Amino acid sequence: MKTLELKSLRDGVGENWWLDSVKWKMQEWVDKILRARDYVSQQQLALNHFHQHFPYFWAGQDVCTTEDLVVDNQYAYEVKVKINKKHFPDFEFFIIHRSLLNLLRISTRSCFAQSWIHVISNPIHDITDKQIDVLNSWGDIEIRVFVLNSWNAYIHIWKEEWLFRFYWINQIKNVVRWRDLYDLVKSWEFKVEWNYWETWQMMDIEGNLLPESEVSMSERLHLFLTWNKYQPTSEGIVKVNSKRDLPKVLTLSSELPNTWNELFEIWETSYVELWESIVWVIEEGWYDNGSIHISSPLIDPWFKWPIRTEIYWCRDNRNEFIEMMVLRK
């Protein structure tokens, strides 16, 4: 784009008020174009950094809370957390800027997600330019996030508790698609119980399920949910600091005398295993029936377990599956 001489637009203003108005409108329009061009340029620079230094996947250290608190039931609650430069990608001569931060997503720790609490706001959006300067100077900043407690109990979050982490995935280069996705699931690097169409399938870009004869159109892995549904049984104040605590608060619905359909439920897939070169990301977007998975989408390498899902349902119209994006080194 040709550089515009912005200053000249204001010269000679004063004699004709309508000309003044036109020139100032033109000036506003030019300023918007240049700001947009600068943003696109910075965004591309940030992408280039990621592709060069983290061509596959990046996940940061867990972000910790700065206070001991109890989150009321059925409320969105403000939680203060502390972040610094170590929570972001470590590039050589790295300088944090907003366009790079906007590329990052968040993933709530699964022990909180399965105790029905999750982060509903990305704190990146609230960081000020002054705070970015502090981060670049290796200082700490305190920012707020909002969490939602969907349980009928109170959730205790400890001070300096790991709450969530930032992450980035290369959706252009390293997402496995088409026939490669089918072959990967069938390979030694990957294990899913049972056979095609029984517990797993492939989906095309429009969400249609594919027979094995058409897996060359695959975009996502489709995993069926089993009948294992978990419900909370604890009352009072719930304290969950790791996955080891979850059996204390969650029980299989089949073992309970009375079961019910909550708007938020924990379900389970069949057993899966991932090799060190594989990362899964659960699709967080809206499903066709109006359900949505919460902000706990990451399945890390070396995972060996059934996947537990945390989904808000659309009343009686339950999902029978989840969609997975698969990345490979």
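The written sequence of each chain sets the order in which its residues are numbered from 1. Reporting of local features is limited, given that this is a predicted model, to residues whose pLDDT is at least 70; pairs of side-chain atoms are given and counted only at 80 or more, and all residues count toward the totals for whole chains, interfaces and linings. Think of the side-chain values as coming from all heavy atoms in the structure, minus any hydrogens and water.

A. Local environment of the overall build of the protein. Helix and strand counts for the protein come out as 6 helices and 21 strands. Relative to its 329 residues, the protein shows a buried fraction of 49%. If you take every contact in the protein between residues at least 6 apart in sequence, the share linking residues at least 24 apart comes to 73%. To qualify as a helix, a DSSP run of H or I must reach at least 4 residues; to qualify as a strand, a run of E must reach at least 2; elements of each kind are numbered from the N terminus. Only protein chains enter the calculation, and the probe is 1.4 Å; a residue is then buried if its accessible area is under 20% of its type maximum, exposed if over 50%, and partly exposed in between. Only heavy atoms matter for contacts: two residues are in contact if any of them lie within 4.5 Å across the pair.

B. Expanded view of the confidence of the model for the protein. For every residue, the predictor assigns a confidence score, pLDDT, that lies between 0 and 100. Here the protein averages 78 in pLDDT, and 79% of its residues register 70 or above. Overall, residues 1–13 carries pLDDT values under 50, and its contacts beyond four positions in sequence, including any with other chains, amount to 20 contacts.

C. Local environment of the pairing of strand E11 (residues 200–203). The alternating pattern of E11 places Trp200 and Met202 and Gln201 and Met203 on opposite faces, both of which are buried. Pairing between E11 and strand E12 (residues 209–210): 2 bridges, direction antiparallel. Opposite Met203, over in E12, you have Leu209 as the bridge partner. Whether two strands pair comes down to DSSP finding at least two bridges between them. The antiparallel pairing of E11 with E12 creates a hairpin that spans 5 residues between the two strands, and Gly207 there sits at a positive phi of about 90 degrees.

D. Molecular detail of the nonpolar core. For the purposes of this section, nonpolar cores are sets of buried Ala, Val, Leu, Ile, Met, Phe, Trp, Tyr and Cys residues that join through side-chain atoms within 4.5 Å. Grouped together as the largest cluster of nonpolar side chains are 47 residues, with contacts concentrated most on Ile83, Phe88, Leu163, Phe164 and Phe166. Formed by 28 residues, the second largest nonpolar core is a distinct cluster that contains Leu210, Leu223, Trp267 and Ile311.

E. Quick peek at helix H5 (residues 178–185). Taken as a whole, H5 has its buried residues at Leu181, Tyr182, Leu184 and Val185. Here the buried residues of H5 occupy an arc of 160 degrees about the axis, which is enough to place them on one side. Those residues of H5 hidden inside the fold are in contact with strand E10 (190–192), E11, strand E13 (220–232), strand E17 (278–282) and strand E21 (321–328). The arc refers to the directions leading from the helix axis to the C-beta atoms.

F. Broad picture of the sheet that holds strand E14 (residues 237–239). Taken in spatial order, the 3 strands line up as E3-E8-E14 in an open sheet, and their pairing is mixed. At either margin of the open sheet sits one strand with a lone partner, and together these are strand E3 (69–71) and E14. With direction set aside, neighbouring strand axes in the sheet form an average angle of 35 degrees. Here 3 bridges tie strand E8 (residues 154–157) to E14, and the two strands are oriented parallel to one another. Across the sheet, residue Ile155 finds its bridge partner in E14, namely Val238. Note on definitions: angles span 0 to 180 degrees between N-to-C directions of axes, and those axes are lines fitted to C-alpha atoms, for helices only across the stretch in contact.

G. Seen up close, the packing of aromatic side chains. Working definition: rings of Phe, Tyr and Trp (its six-membered ring) pair if their centres are within 6.5 Å, and the pair is stacked with planes under 30 degrees apart, edge-to-face with planes over 60 apart, and tilted otherwise. Counted by the stated rule, this structure contains 8 aromatic pairs. Seen in terms of ring centroids, Tyr182 and Trp200 are 5.9 Å apart; in terms of plane orientation they differ by 40 degrees. Their pairing is tilted. Residue Tyr182 is found in helix H5, and its partner Trp200 is found in strand E11; the two are separated by 18 residues along the sequence. Each member of the pair, Tyr182 as well as Trp200, is classed as buried. Site record: aromatic cluster; members linked through ring pairs are Tyr182, Tyr196, Trp197 and Trp200.

H. Structural detail: the layout of surface pockets. Only protein atoms enter the 1 Å grid used here, on which a cavity is any set of points holding a 1.4 Å probe that cannot leave and a pocket is any open set flanked by protein within 12 Å on both sides along at least five of seven lines; residues with an atom within 4 Å of a point are listed as lining. Grid points are joined across faces, edges and corners, and a volume is the space filled by probe spheres set on the points. The calculated volume of the largest pocket comes to roughly 600 Å³. Surrounding the largest pocket, 24 residues form its lining, Ser110, Cys111, Gln114, Lys243 and Phe303 being those nearest its centre. Contributions of two or more residues to the lining of the largest pocket are made by strand E5 (105–108), helix H3 (110–113), helix H6 (246–249), strand E19 (298–299) and strand E20 (304–312). If you tally residues by element for the lining of the largest pocket, the top one is E20, at 5 residues. Split by residue class, the lining of the largest pocket holds 11 nonpolar, 6 polar and 7 charged. Lys, Arg, Asp and Glu make up the charged group, whereas Ala, Val, Leu, Ile, Met, Phe, Trp, Tyr, Cys and Pro make up the nonpolar group; the residues left over, Gly among them, are polar.

I. Structural view of the pairing of strand E4 (residues 76–83). As paired strands, strand E2 (residues 63–65) and E4 are joined by 2 bridges and run antiparallel to one another. Pairing of Thr65 across the sheet is with Val81, part of E4. Where E4 meets strand E7 (residues 141–149), 8 bridges bridge the pair, whose relative direction is antiparallel. Looking at E7, one finds that Lys82 is bridged to Glu142.

J. Molecular detail of the pattern of salt bridges. For this document, the term salt bridge refers to a Lys or Arg side-chain nitrogen within 4 Å of an Asp or Glu carboxyl oxygen. As enumerated under the stated definition, the model contains 9 salt bridges in all. The partner of Glu78 in a salt bridge is Arg144, with the nearest N and O atoms 3.4 Å apart. With Glu78 in strand E4 and Arg144 in strand E7, this pair connects stretches of sequence that are 66 residues apart. Using a relative accessible area of 33% as the deciding quantity, one classes Glu78 as partly exposed. Its relative accessible area of 39% is what places Arg144 among the partly exposed residues.

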